[in-house]
Amino acid sequence: MRQLIAGNWKMNGTTAEAAALARALHTAAAGCDLLVCPPATQLAAVAAALAGSAVQVGGQDCSESPCGARTGDISASMLRDAGASWVILGHSERRAEHHESDALVRSKALAAMAAGLMPIICVGETEAQRDAGRQMDVVGTQLRGSLPDGFAGVVAYEPVWAIGSGKSATQADVEAMHAFIDSEVRRLCPGVEAVRVLYGGSVKPSNAAGLLALPDVGGALVGGASLQADEFLAIAAAARA
Ligand code: PGA
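So, here is what we can say about the structure in this document. Since the model is a prediction, treat every value here as computed from it, not as a measurement.

Counting buried positions along strand β5 (residues 118-123) yields 5 of 6 residues, so the element is predominantly enclosed. In this structure, strand β4 (residues 86-89) lies alongside β5, joined through 4 bridges in parallel fashion. Following the sheet pairing, Leu89 is matched in β5 by Ile121. Direction of pairing for β5 relative to strand β6 (residues 154-157): parallel, over a ladder of 4 bridges. Across the sheet, residue Val123 finds its bridge partner in β6, namely Tyr157.

When you tally the buried positions in strand β1 (residues 4-8), you get 5 out of 5 residues, the bulk of the element. Burial along β1 is two-sided: Leu4, Ala6 and Asn8 and Ile5 and Gly7, pointing in opposite directions, are all buried. Both β1 and strand β2 (residues 33-37) contribute to a ladder of 5 bridges, which runs parallel. What sits directly across from Ile5, in β2, is Leu34. Between the parallel pair β1 and β2, the chain is carried across by helix α1 (residues 15-25), and the sense of this crossover is right-handed. Examined bridge by bridge, β1 and strand β8 (residues 219-222) share 4 bridges and lie parallel to one another. Directly across from Gly7, in β8, lies its bridge partner Val222.

Moving on: unusual backbone geometry. For Lys10, which is not glycine, the phi dihedral falls at a positive 50°. Residue position: Lys10 is located in the loop between β1 and α1. Assessed through its relative accessible area of 21%, Lys10 is described here as partly exposed. Residue Asp216 is not a glycine yet carries a positive backbone phi of 70°. Relative to the helices and strands, Asp216 resides in the loop between α9 (205-212) and β8.

About the criteria used
- Residues numbered from 1 in each chain as written.
- Predicted model: local features only at pLDDT ≥ 70, side-chain atom pairs only at ≥ 80, totals over all residues.
- Heavy atoms only, no water.
- Buried < 20%, exposed > 50% of the residue type's maximum accessible area, 1.4 Å probe, protein only.
- Helix = DSSP H or I, 4+ residues; strand = E, 2+ residues; numbered from the N terminus.
- Pairing = 2+ DSSP bridges.
- Right-handed = clockwise from strand over helix to strand, strands pointing away.

Here it is as structure tokens:
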């Protein structure tokens, strides 16, 4: 399966800066699938700037509700209306700072799928959990709680300690965890065709080739390095077609 290189722009930039970054990616002729996830206020401008290109657009979160009295929230269908076809869910920053539980992430995934969005469900252990040797337990629990029945989206393994830290997981750690996630997803979602499992956490041009060459790595979820077109495209160039 083609690898997916997804950019998580997080809470950065103005609409003008986002549109400029999107224009710099417009003609990218990567052999892999490309996706950018700007903040919600920039979605429509980024989608317009990328119209006709191979780069797809996604949101960074959505409500579990379809509409109504949810001040500050954005529904999955609103993301679609703004031009998104994907959505990141359960990112560790939302799990930590917005106290999102596995059950809530699961509800959001159902809402996303009902609206026709492809969910990217994030899982990953903290440094303390890894130091205690509990990383498989933690990720297994997150998968069991967060993946809805019939899940046909993408999973992103993002060890919390590797996000924005410059410390990426070792290739051996990534290989072991991706093999585990792959087998868990097959067990939890029987009958579902291969699910892509992205690696995220300090992916940059210098480590992308090694990580993307590993078996069971279906692509990368890139934060900091996705804010520079040249770095993002250098990572994409290392991906499998
Ligand atoms: P990073 O972020 O690449 O800046 O470590 C990845 C992410 O949080 O998705």
